[in-house]
Amino acid sequence: MVRGGLVPYAWDPSVDDDQDGADEDDTLHGPESADKPSPLLNSRSVLNVGVLVLLIIALLGLFIALPVVTFVTDRTNFVFLEQTGSNTNNSPQTDLHVRPLIDADTPDTAKTRVGYDGEDYVLVFSDEFNLDGRSFDAGDDPFWEAVNLWYWNTGDLEWYDSSQVYTANGSLHVRIDNVPLNGMQYRSGMLQSWNKFCFTSGYIEVSLSLPGPDQETRGYVSL
Ligand SMILES: [Ca+2]
């Protein structure tokens, strides 16, 4: 007599043992089908790899090809550098005072020379100061700056003022006046290329005349 609970079940291999092929759900738990790798070239694999390749190509294009193409095709900086010798074109002051490293008025004969060591030297910078009315205030010239300071290091008697340095009659003028300024008895000028045109060695040639009855050129200061 059965009183509920488990229903007695008799295993009958002739009925329950599957003799006639796989059941419909066998693929869900059959280890032989679960472990079988998917074919490499199914549509999902191709899509995954394709998107990955597209992503790599896009990144390479963005960070390598685009900068290279932009650099090569944009000649602005090259042209500016060739015209002015300056590698910056974002300064309105240098834009207004464009001049090349070698002054166009410099004669060809001055562009090369043989040094005392017998070596050939090529001119890399020149300024003829032929344009009158140039200003050398800070930022006005790409290569020169007339400073406003007292040069304490040499105990100068003069104050250097940028207004004392100017161009006129095709020459650079550095003027000293017996006019007190900022506690100094005299007012004079100093023209520098400090941090504007730098070099390590070579020849510096200057044509100048000094004040006074003796017009012989005796020397100039180069630091
Ligand atoms: Ca000149």
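All figures in this text were calculated on a predicted structure; none of them were measured in a lab. (Residues numbered from 1 in each chain as written. Predicted model: local features only at pLDDT ≥ 70, side-chain atom pairs only at ≥ 80, totals over all residues.)

**What to know about the overall build of the protein chain**
Piece 1. Looking only at helices and strands, the protein chain has six helices and nine strands in total.
Piece 2. Looking at the protein chain as a whole, 7% of its 223 residues are labelled buried.
Piece 3. Long-range pairs, those at least 24 residues apart, make up 46% of the contacts in the protein chain with a sequence separation of at least 6. (Helix = DSSP H or I, 4+ residues; strand = E, 2+ residues; numbered from the N terminus. Buried ≥ 20, exposed ≤ 12 C-beta atoms within 10 Å, placed from the backbone. Contact = placed C-beta atoms within 7 Å.)

**Some thoughts on helix α4 (residues 43-73)**
Piece 1. Where α4 bends most, the angle comes to about 40 degrees, and this point is G61.
Piece 2. A small share of α4 lies buried, amounting to zero of its 31 residues. (Bend = angle between axes of the 7 residues up to and from the residue.)

**Considerations on the pairing of strand β7 (residues 171-174)**
Piece 1. Sheet topology places strand β6 (residues 165-168) next to β7; four bridges connect them, and they run antiparallel. By the bridge assignment, Y166 is partnered in β7 with H173.
Piece 2. Remark: two residues form the turn of the hairpin made by β6 and β7, two consecutive strands paired antiparallel; N169 in that turn has positive phi of roughly 55 degrees. (Pairing = 2+ DSSP bridges.)

**Some thoughts on the sheet that holds strand β8 (residues 186-188)**
Piece 1. Strand order in the open sheet formed by three strands is β4-β5-β8, with mixed pairing between adjacent strands. Every interior strand has two partners, whereas the edge strands, β4 (149-150) and β8, have only one.
Piece 2. Where β4 meets strand β5 (residues 158-160), two bridges bridge the pair, whose relative direction is antiparallel. Paired with W150 across the two strands is W159, which belongs to β5.

**Remarks on unusual backbone geometry**
Piece 1. For F129, which is not glycine, the phi dihedral falls at a positive 55 degrees.
Piece 2. Its location among the elements puts F129 in the loop between β2 (120-122) and β3 (145-146).
Piece 3. Look at F129 and you get partly exposed, because 17 C-beta atoms sit within 10 Å.

**Here we look at the environment of F199**
Piece 1. With respect to the element layout, F199 can be found in the segment after β9 (191-192).
Piece 2. Sequence separation between F199 and V124 is 75 residues; the distance between their C-alpha atoms is 9.7 Å.

**Some thoughts on the confidence of the model for the protein chain**
Piece 1. Residue-level pLDDT values for the protein chain average 82, and 75% of them are 70 or greater.
Piece 2. For the stretch residues 91-95, pLDDT sits under 50, and the model shows six contacts to residues farther than four places along the chain or on other chains. (pLDDT = per-residue confidence, 0-100.)

**Quick look at the nonpolar core**
Piece 1. Counting six residues, the largest nonpolar core consists of F136, A146, W159, Y160, V165 and M190.
Piece 2. Once residues within four sequence positions are removed from consideration, A146 is found in contact with F136, D137, S162, V165, G189, M190 and L191. (Core = buried A, V, L, I, M, F, W, Y, C linked by C-beta atoms within 7 Å.)

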